Amino acid sequence: MKKFLFALLLITTTLFASNLQTEEKIYALIIHTLLPDNQKIKVWGDTPHNKEILQNITDLQLVESPKDANFLLLDNNSSIETNALIFVTNYKILEKMQKSAIGGFFWQKGRPNILFLRKNLQKKNIQLPKSMQDFVEDEI
Amino acid sequence: MRYLTKLYYIIFFSILFAITYLFIQTSKTQTVLNNNVEKIIIQEAETFAKNIATNLKKHLKNDPYTELKTDKTLRQHLESSLEIINNETFKYIFVLYKDNHGNYRFLLDGSKEKAFFNQRLNVDKEVWDSVYTEKKPHILDQNKLDGLWITYLYPVIINNKTKAIIAIDFSKELPKNIYTAIEPLNNIFSYIFIAITFLILILIYQTFLSLKSKKESITDPLTQTYNRNYMRELLQKINIDAYQIMMCDIDYFKHINDNYGHKAGDEVLTKTAHILNTEIRPEDILIRFGGEEFLIFIKRHKKQDNLAYNIAQRIRKKVEETHFNYEDKEIHITLSIGITCQPEHFKSIAEAIKHADEMLYIAKREGRNTVVSTTTHTTKKVQKSDKKTINEVKEALEEKRIICYFQPIFETQSQKILKYEALVRLREKDGSITPPAAFLENVMYTNIYNDLTKTVLESVFEHIQKRQVSISINLNFSDILDNTIYQLIIDELQSHKSDAPWLIVELLEYEILSETSELVKERLMKIKSFGVKIAIDDFGSGYSNYTMFQALPIDILKIDGSLIKDLDRSKTSRILTESIVLLAKELGIRTVAEFVHSKEILEEVKRLNIDEAQGFYLAKPQAEIDA
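Being a predicted model, the structure only gives us computed values, none of them experimental. (Residues numbered from 1 in each chain as written. Chains lettered and ligands numbered in written order. Predicted model: local features only at pLDDT ≥ 70, side-chain atom pairs only at ≥ 80, totals over all residues.)

Side note on helix α14 (residues 447-467) of chain B
All names here are of chain B.
Line of reasoning, step 1. With 21 residues, α14 extends 31 Å from end C-alpha to end C-alpha; this agrees with the ideal 30 Å at 1.5 Å per step.
Line of reasoning, step 2. Here α14 has its buried residues at I448, Y449, L452, T453, V456, L457, V460, F461, H463 and I464.
Line of reasoning, step 3. Count one or two residues on from α14 and you reach Q468, which has phi positive near 50°. (Helix = DSSP H or I, 4+ residues; strand = E, 2+ residues; numbered from the N terminus. Expected span 1.5 Å × (residues − 1). Buried ≥ 20, exposed ≤ 12 C-beta atoms within 10 Å, placed from the backbone.)

What about the sheet that holds strand β2 (residues 104-109) of chain B?
Residues and elements named next belong to chain B.
Line of reasoning, step 1. Pairing within the open sheet is antiparallel, and its five strands lie in the order β2-β1-β5-β4-β3. The sheet is open, and its two borders are formed by β2 and β3 (138-141), each paired with just one other strand. Here the strands of the sheet are splayed against their neighbours by 30° on average, with no regard to which way each runs.
Line of reasoning, step 2. Note: β3 against strand β4 (residues 148-158), four bridges, orientation antiparallel. Bridging from a neighbouring strand, H138 pairs with L153 of β4. (Pairing = 2+ DSSP bridges. Axes fitted to C-alpha atoms, helices over the stretch in contact; angles between N-to-C directions.)

Description of helix α9 (residues 307-321) of chain B
Line of reasoning, step 1. Its 15 residues place the ends of α9 of chain B 21 Å apart at the C-alpha level, agreeing with the 21 Å of an ideal helix rising 1.5 Å per residue.
Line of reasoning, step 2. For α9 of chain B, every residue scored as buried is listed here: L307, A308, Y309, I311, A312, I315, R316 and V319 of chain B.

Section: the environment of V596 of chain B
All names here are of chain B.
Line of reasoning, step 1. Secondary-structure assignment places V596 in the loop between β20 (590-593) and α21 (599-607).
Line of reasoning, step 2. By C-beta crowding, V596 is classed as buried, having 29 other C-beta atoms within 10 Å.
Line of reasoning, step 3. For the pair formed by V596 and G561, sequence separation is 35 residues and the distance between their alpha carbons is 8.0 Å.

Description of the packing of helix α8 (residues 262-279) of chain B against α9 of chain B
All names here are of chain B.
Line of reasoning, step 1. Contact geometry for α8 and α9: axes closest at 10 Å, N-to-C directions at 140°. The orientation of α8 relative to α9 falls into the category oblique. Where α8 crosses over α9, the two elements pack in a sense that is right-handed. Judged by residue contacts, T272, I275, L276 and E279 of α8 engage I311, R314, I315, K318 and V319 from α9.
Line of reasoning, step 2. Here the contact of α8 with α9 is composed, by residue class, of five nonpolar, one polar and three charged. (Parallel < 35°, antiparallel > 145°, perpendicular 65-115°, else oblique. Left-handed = near helix turned anticlockwise from the far one by under 90°. Contact = placed C-beta atoms within 7 Å. Nonpolar A, V, L, I, M, F, W, Y, C, P; charged D, E, K, R; others polar.)

Some details on the confidence of the model for chain A
Line of reasoning, step 1. Overall, the prediction assigns chain A a mean pLDDT of 85, with 86% of residues at 70 or greater.
Line of reasoning, step 2. Predicted confidence for residues 11-16 of chain A stays below pLDDT 50, and this span has 10 contacts to residues more than four positions away or in other chains. (pLDDT = per-residue confidence, 0-100.)

Considering unusual backbone geometry
Line of reasoning, step 1. Phi is positive for D59 of chain A, which is not a glycine, with a value near 70°.
Line of reasoning, step 2. Tracing the chain through its elements places D59 of chain A in the loop between α3 (48-56) and β2 (60-62).
Line of reasoning, step 3. Since 11 C-beta atoms lie within 10 Å of it, D59 of chain A is described here as exposed.
Line of reasoning, step 4. In the Ramachandran plot, N159 of chain B falls in the positive-phi region, its phi being about 55° despite a non-glycine side chain.
Line of reasoning, step 5. Examined against the element boundaries, N159 of chain B turns out to sit in the loop between β4 and β5 (161-171).
Line of reasoning, step 6. Here N159 of chain B falls in the exposed class, since 8 other C-beta atoms lie within 10 Å of it.

With respect to the pairing of β4 of chain B
Each regular strand displays side chains that alternate between the two surfaces of the sheet.
Residues and elements named next belong to chain B.
Line of reasoning, step 1. Within β4, nine of the 11 residues are buried, which leaves it mostly tucked inside the rest of the structure.
Line of reasoning, step 2. The pairing of β4 with β5 spans nine bridges and is classified as antiparallel. Note on β5: the bridge partner recorded for P155 is I165.
Line of reasoning, step 3. Between β4 and β5, which pair antiparallel in sequence order, lie two residues; one of them, N159, sits at a positive phi of approximately 55°.

Digging into the packing of helix α12 (residues 390-398) of chain B against α14 of chain B
All names here are of chain B.
Line of reasoning, step 1. At a minimum axis separation of 10 Å, α12 and α14 run at an interaxial angle of 35°. The two elements α12 and α14 cross, and the hand of that crossing is left-handed. Between α12 and α14, the residues in contact are I390, V393, K394 and L397 and I448, D451, L452 and T455, respectively.
Line of reasoning, step 2. Tallied by class, the residues present in the contact of α12 with α14 amount to five nonpolar, one polar and two charged.

As for the pairing of strand β6 (residues 111-117) of chain A
All names here are of chain A.
Line of reasoning, step 1. Across six bridges, the pairing between strand β5 (residues 101-108) and β6 is antiparallel. Residue pairing across strands places Q108 opposite R111, the latter belonging to β6.
Line of reasoning, step 2. In textbook terms, the turn of a hairpin is the stretch between consecutive antiparallel strands, and for β5 and β6 this stretch comprises two residues, one of which, K109, has a positive phi near 50°.
Line of reasoning, step 3. Examined bridge by bridge, β6 and strand β7 (residues 136-137) share two bridges and lie parallel to one another. Among the inter-strand pairings, L117 is bridged to a residue of β7, identified as E137.

Quick look at the structure:
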C-alpha cells in the first residue's frame, strides 16, 4: 500500500507541480525516511539550486557548513569527510561516490528516478520502508 | 412593436446558436485533427520500432544483455541507428531489458544525453511487464510526465521470448504546436463569447432599468398602488366580464387636508391604500383613480353578484374602525363606495366605471360611509317606484316581453287618425304592463338599451308593413350620436327601405346639440334620405332652442304637453303656443299638440290651428293598431 502511495506521490506531484516542487516533495520524503528520529535535521547543499530545494522543505535547518549537517545534497563529486548522509542529484556522481553516497535522485528520460545503495544503507544501519525498497540497488 | 422585439430575439438566438454550433464543430475538428496526428505519429513510430526490432534481431542471437555488454562496437553501431530516428517528435528512443529482479535497465540509448549501459530506469512496471508477457506493442499515455506526450512500447522477440522493449517517447511539442496553431481560432470564440456575455449583461441591465421605469410609470408614488397610466393599459386587455367594479372615496377628505395639513392627508391616503390592499385579494386590482378616489376591479368567478358588495362592506368597516394617527393626532375617516355589479351589461368599460362613480355619488348623497351597488340601489328604488333591474329588462327582452303600444295622432280639424306614436312597454309575467319610466333609466347606458331599440324598430316596421300607416318612435339625440344605435337604425332602414317613408323619428334631449349639431345634422340627413320624417318632441320646454331650426332638418314640431294641458286656463301657455305655431307655419313645419286631455283643450288646439293632436281625450295608447 505504502509502495502504491509513494508511486502515487511520484505521479501526482509530477502531474500537478513544477519539477522543483516535485523534487522538494520527493527530497522531503527521502530525508524524513532516512532520518526519522531527528527532531531537527540539519542539511546542506553544494549548489544554490540544492540549497533552494532544502530551504523550501519544512522542518529542515539549512546550515552553512557541511560539517554541521547530518544530510548533504550534492551535485558534484566531493571528498568531504563526514558522517552525514550523502544524497546526490546525478547518476554519474552517484557512480563516482558510490562508496559514500547513500543514494541519488535524478531525472532520466523525463522520468523521476530514485536509487539507494544497499551497502551504504547497511553501513549507516538504515532500514528503508517497504515502499522504498524497490529502489534499492546492490551496485552500480 | 411586439413582433419587432420577437424578431430581435429570434435573430439574437440564431446568431448565438450559429456561433455555438461553429464552436462545437471547430472543437470536434480540433479533436479529430489531434487524433489523426496522433494516429500518424503512432504509425510512424510503429514502423520505426519494427525496423529497430528487425535490426536488433539481425545482430543479437539469444541474450541481448550479454552480447551488448561484451561488444561495445555493436552497441555503438546499434545506438547510432537509433539516433537517426531521434528528432523533435521522437524525443527519446531507447531499449530496456528486464533483469532478474524485475527492474528495467538500459541496453541501448539513442538519445543525445545517453544513459549508462545497464543503468536502471524507473518505469511504469505494470505496463512494461504486460508488454513483456503479452508480446504486443502498447501505447502509453504520458501526460503525467512533464515534456512527454506518448510512449510507444514495442517488444523485441527472439526465439519466441521477449528479450527487450523498444521505447519511443513522443515529445509534447507536437500537440503543443497544434494547439498553438489553433489557438487564435479558439481565442476568437472566447472573444465572441465574452462579447455575447457582455451583451447579455447589458440586455439584462437594460431590461431591469426598463422594468423599473415601467413600474414607476404605472405606480402611484404616494400610495404605491397602480395609477391611471396602468388603468389605461388595463382597460385595453381586461376581460370585464370577470370583474366587478368598485369606486371608493374618502369622505370629507378636504377637511383632513384643511384641518391637519397635506402631509396628514398624504398619510391618510397611504394608510387607506394599505387597508384596501390588505382587504382585497391578490387577483383584485387596486388603482388610485384620482385625489382620494380608488378604483378596484374585483375578480369574480361564476358571476358572483354580491362578491364586490361584501368586500366593500368589509373595507368600509375596517376603515371606519381604524384610528389614523398623525403627529399625536387621531384622525377618523369613513369611505363611500359605489359598485357596478354587472359591467358586462355596459356598452364600454368606461360606462361601467362611470356607473360605479354614479353609485358612489348616490352613496355620498345618502349620507356617506355607505356602500351602494347596482343591486342594492335598484332594490331600494323598486320599493319606492317599482323600477326594473337590468337583469329583469334583459330577461323581458329575451322572453319577447318588450312590446310597443300605439297612441293615435289625429288630424285636428277632421279628427281622423293620421298616424301613431309607438310607446315601449314591458309586459310582466302576469300580463300586467309596466311603463318605460320603470325600466328605461337603468338600462340607458347598457347594451340592453341597444337591443331594446332594435326590438322597438322591428316592431314598428312590422306594424307599418302590416297597416301601411305612419308611426313615430322616440329617440334621444344621444342615440343619434351613439355609433352603435345609429348604425342599428341605418341597418333597419336599409332592410325596410320601402316602409321607411312611413317612419317618423321624434327626438328629445336637446342639451347635447350645441357641441355636436354638425354630426347630428349629418346623421339626420342620412336618416331623412330614406324618406323618414324628423320630429322634435316636447318643444317649448327645457332646453328648447330656436337655433335648432337652422341646424336641423325638422319636419314636425311636437309642442310640449306642459303648454298644451293648460291652454284653457293659462294665457301665457296660449301666447307661447301661438308663437310656436306661427313660427312653425312660417318655416313650413307641421305642429302636433300633446296631452289633449279634454274637449276644451281640443277646441283651443283647433283654434290655434295646430295641425295634429294626441292625448287621452282623443285616444289612449293601445296594444294594436286598428284595421
